[in-house]
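# Examination of the molecular architecture
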Amino acid sequence: MRKTKNTILLLLTALIWGSAFVAQSVGMDYVGPFTFNSVRCLIGGLVLLPCIFFFKRFGIGDGGWEEEKSVKGRRDLITGGILCGVFLACASSAQQVGLTYTTVGKAGFITAMYIVIVPVLGIFLKRLPKPAVWVSVVLAVAGLYLLCMTDSFALSPGDAWVLASALLFAFHIMVIDYFSPKADGVKLSCIQFFVAGIVCGVPMLLFEKPQILEILQAWQPILYAGVLSCGVAYTLQIIAQKDYDPTAASLILSLESVFSVLAGWVILGEELSPRELAGCALMFAAIILVVTANGRSK
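In this report, we go over the structure that sits alongside the text. Since we're looking at a predicted model, the values are computed, not measured.

## Examining the packing of aromatic side chains
Any pair of aromatic rings gets described here by the distance separating the centres and the angle formed by the planes. Going through the model one piece at a time under the given rule, you end up with four aromatic pairs. Between Tyr178 and Phe179, the aromatic rings sit 4.8 Å apart at their centres with planes inclined by 85°, giving edge-to-face as the arrangement. Ring geometry for Phe193 versus Tyr234: centroids 6.0 Å apart, planes at 75°, classification edge-to-face. Remark: Tyr234 occurs in helix 10 (residues 219–240) and Phe193 occurs in helix 8 (residues 185–207); sequence separation between them is 41 residues. Across the pair, Tyr234 and Phe193 agree in class, each one buried. Site record: aromatic cluster; members linked through ring pairs are Trp17, Phe193 and Tyr234. One cation-aromatic arrangement involves Lys182 over Tyr178; the distance from NZ or CZ to the ring centre is 4.8 Å.

In structure tokens:
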């Protein structure tokens, strides 16, 4: 029953993330990538503060920091929150920069490359992937080639940035897998957002010139990304990944790529060429293959 609930939470996370690509793309019309990420992450952290108070009030979760069970528990919470925040800041910034140069649909599918990066990273944790995973790697790489490569055999700047974000998101998933059983999910998520907001705020001040008026003009996409994509979805991810296999979690979360394409098509009217559609089909086949193989092993 718990596995079913966690699976539903991960699916909901993927849906929110996929549609959030549209908000991220639209937000870039008003503010720079670091400004967008810094503001939305800080909003995500602020949204969770009353949630922590509410959970403490009604005895849900661990309560406040002062009620952590041990010094080690507090250390795991703070260390995990900081590490999650740093990886989230780097990953989301690379993704946001990439969205400046590529479409919502392509960005969603390239980001889904963490589906094959996570099990590869698992090797170093002595979690050997099944043969189907390696087949999916081949399919996904072929799909990525059709989706992103040009005649000069080079990734476009936007595609390269988003691919880098996929690697960073894979590390983010692995860090959550390690720390989520050790700390309260809402508190862990809250810390990561404030850390990510501060980390993104440094290049924002160095390379961009954020204006209050521009931020207010982008209030709709920033609010959507801050409240739903950050405050809700990333918190659901941390809660759902407790006692959940990280490879299986990455497979479900990768469905954000499908939702991003649908959102880009419905809301922004984006279209993909036949070659790009073939690339999407191969990457989606890689996702289905590993999901099926993982399901048979249960």
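## Looking at the side chain of Arg40
With respect to the element layout, Arg40 can be found in helix 2 (residues 33–57). Here the side chain of Arg40 touches Asn37 through a polar contact of 3.0 Å, side chain to side chain. In contact with Arg40, not counting residues within four places along its chain, are Gln24, Ser92, Ile222, Ala225, Gly226, Ser229 and Cys230.

## A short note on the environment of Ala23
Topologically, Ala23 is positioned in helix 1 (residues 2–27). Separated by 202 residues in sequence, Ala23 and Ala225 have C-alpha atoms that sit 6.6 Å apart. Setting aside its immediate chain neighbours within four residues, Ala23 contacts Phe36, Pro221 and Tyr224.

## Here we look at the packing of helix 8 against helix 10
Between two packed helices, what matters for the description is the angle formed by their axes and the separation of those axes. Interaxial distance between helix 8 and helix 10 falls to 9 Å at its minimum, and their mutual angle equals 130°. As far as their axial angle goes, helix 10 and helix 8 are oblique. As helix 8 packs across helix 10, the resulting crossing turns out to be right-handed. Facing helix 8, whose interface residues are Gly185, Val186, Leu188, Ser189, Gln192 and Phe193, helix 10 presents Cys230, Gly231, Tyr234, Thr235, Ile238 and Ile239. Residues of the contact of helix 8 with helix 10, tallied by class, amount to seven nonpolar, five polar and no charged.

## A word on the side chain of Thr13
By secondary structure assignment, the location of Thr13 is in helix 1. At 3.5 Å, the side chain of Thr13 forms a polar contact with the backbone oxygen of Ala233. Those residues in contact with Thr13 that lie beyond four places of it in its chain are Ala233, Leu236, Gln237 and Leu253.

## Re the environment of Leu213
Examined against the element boundaries, Leu213 turns out to sit in helix 9 (residues 212–217). C-alpha separation for the pair Leu213 and Tyr30, spaced 183 residues apart in sequence, amounts to 9.4 Å.

## Considerations on a nonpolar patch on the surface
A cluster of nonpolar side chains, contributed by Ile78, Ile82, Val86 and Val199, occupies part of the molecular surface with about 280 Å² of accessible area. Counting residues per element, the nonpolar patch draws most heavily on helix 3 (residues 71–98), at three residues. In this structure, Ile82 sits in helix 3.

Thresholds, definitions, all that
Residues numbered from 1 in each chain as written. Predicted model: local features only at pLDDT ≥ 70, side-chain atom pairs only at ≥ 80, totals over all residues. Heavy atoms only, no water. Phe/Tyr/Trp six-rings, centres within 6.5 Å; stacked < 30°, edge-to-face > 60°. Helix = DSSP H or I, 4+ residues; strand = E, 2+ residues; numbered from the N terminus. Buried < 20%, exposed > 50% of the residue type's maximum accessible area, 1.4 Å probe, protein only. Lys NZ or Arg CZ within 6 Å of the ring centre and 35° of its normal. Polar contact = N/O pair within 3.5 Å; in protein donor to acceptor, adjacent residues only side chain to side chain. Contact = heavy atoms within 4.5 Å. Axes fitted to C-alpha atoms, helices over the stretch in contact; angles between N-to-C directions. Parallel < 35°, antiparallel > 145°, perpendicular 65-115°, else oblique. Left-handed = near helix turned anticlockwise from the far one by under 90°. Nonpolar A, V, L, I, M, F, W, Y, C, P; charged D, E, K, R; others polar. Patch = residues over 30% accessible without salt bridge, like charges linked within 9 Å, V, L, I, M, F, W, Y side chains within 5 Å. Areas by Shrake-Rupley, 256 points an atom, 1.4 Å probe, with all protein chains shown as cover. Salt bridge = Lys/Arg side-chain N within 4 Å of Asp/Glu carboxyl O.

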